[in-house]
Amino acid sequence: MTLPTTHVSFPAGAVTGESTVLAVHPLDGGRYAVVTGATPFHPLDHTWPDQPADLGTLTVDGVELPVVDCLTGAVGPDGGSDGGAVLVGADIPVRRGDEEWSWLVLHVLAADPGDIVGRTAALAVDAGRRGALSASHSGCHLLALALNEALAPRWRKDPGRTDAFGHPDFDSLAMASSVMDTEASTDTYRLGKSLRKKGFTAEPTEEFPALADALPELTEAVNRRLAGWVAADAAVRIDVPGPELTARREWNCELPEGAARIFCGGTHLHHLGELAELRTELRLSEDGSELVAVTRPKRA
């Protein structure tokens, strides 16, 4: 059977839903993946695994099945190399969204659920965990914009890429990794030769001290901007062209300075007033090659 690309409702903030079970596939380690036609679950993105997977339950015929993980799977136009295999994560050999492939949300169970194909499943995401992850993800994007602004004077030339507010996009140009959990987002930036060639300087100049010496002042400036945005209670939404898992989604936040837009496949708050506070800590490695931002949201 050719499985259709899963339709997802998490971009709008959904944490519950009902859908027909289309398939059950065995995975390594004795686990099983349940595929439904639609789902509110956010799976781990195999290409940029910054936001952890949703957890929760599937309930079929009154039996509650714990979802212990949620992954991205794909099936090729020929049903996979073995005539029907669902490929998972790093085993997927094509770019995310390849139109010849079906892209699936895999609800991972710890044991065989039995014969549930064709039955209706009630899907429920752990809403508290989702809310915490969404707060961290929204905080991550706000940190990016505030950090871009604070570091803008350190660019000697136009690097060719700017953010929504016209500042050089340090966040995307220097990004090495971005990881979030229920407590914080951790963004690691590489301050190497490539970034210097693009025009960024961490060394002291007549205008400002070395980045290491300026870190307390930069941190204060970023946190001041974040506090102002939280106080403004800006609206947040995810713009999406369609319900498919692979639709290219865009985070949109109506900040006082204007609409901020960042392409993103994760989940988010509905408005910044859901936060009581958002603060970041900036750390520079001893050799000056990496800048790390740990941004912690405090929910209202």
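**Observations regarding the packing of aromatic side chains**
So, point 1. Tallied over the full model, the rule gives three aromatic pairs.
So, point 2. On the numbers, 5.3 Å between centres and 65° between planes, the contact of W155 with F200 is edge-to-face. Remark: F200 occurs in the loop between α3 (193-197) and α4 (211-231) and W155 occurs in the loop between α1 (127-151) and α2 (170-174); sequence separation between them is 45 residues.
So, point 3. Classification of W155 by relative accessible area gives buried; the value is 10%.
So, point 4. Geometrically, the ring pair formed by F170 and Y189 is tilted, given 5.0 Å between the ring centres and 45° between the ring planes. Within this pair, whereas F170 is found in helix α2, its partner Y189 is found in strand β12 (residues 185-190), the two being separated by 19 residues in sequence.
So, point 5. Classification of F170 by relative accessible area gives buried; the value is 0%.
So, point 6. Cluster of aromatic residues (ring-pair linked, three or more members): W155, F170, Y189 and F200.
So, point 7. Taking NZ or CZ as reference, R248 lies 3.6 Å from the ring centre of F263, over its face.

**What to know about the sheet that holds strand β3 (residues 32-36)**
So, point 1. With antiparallel pairing, the eight strands of this open sheet are ordered in space as β6-β5-β10-β2-β3-β9-β7-β8. The open sheet terminates on both sides in strands that have one partner only, identified here as β6 (63-67) and β8 (87-88).
So, point 2. Pairing of strand β5 (residues 56-60) with β6, which is carried by five bridges, proceeds in the antiparallel orientation. By the bridge assignment, T57 is partnered in β6 with P66.

What counts, and at which threshold
- Residues numbered from 1 in each chain as written.
- Predicted model: local features only at pLDDT ≥ 70, side-chain atom pairs only at ≥ 80, totals over all residues.
- Heavy atoms only, no water.
- Phe/Tyr/Trp six-rings, centres within 6.5 Å; stacked < 30°, edge-to-face > 60°.
- Helix = DSSP H or I, 4+ residues; strand = E, 2+ residues; numbered from the N terminus.
- Buried < 20%, exposed > 50% of the residue type's maximum accessible area, 1.4 Å probe, protein only.
- Lys NZ or Arg CZ within 6 Å of the ring centre and 35° of its normal.
- Pairing = 2+ DSSP bridges.

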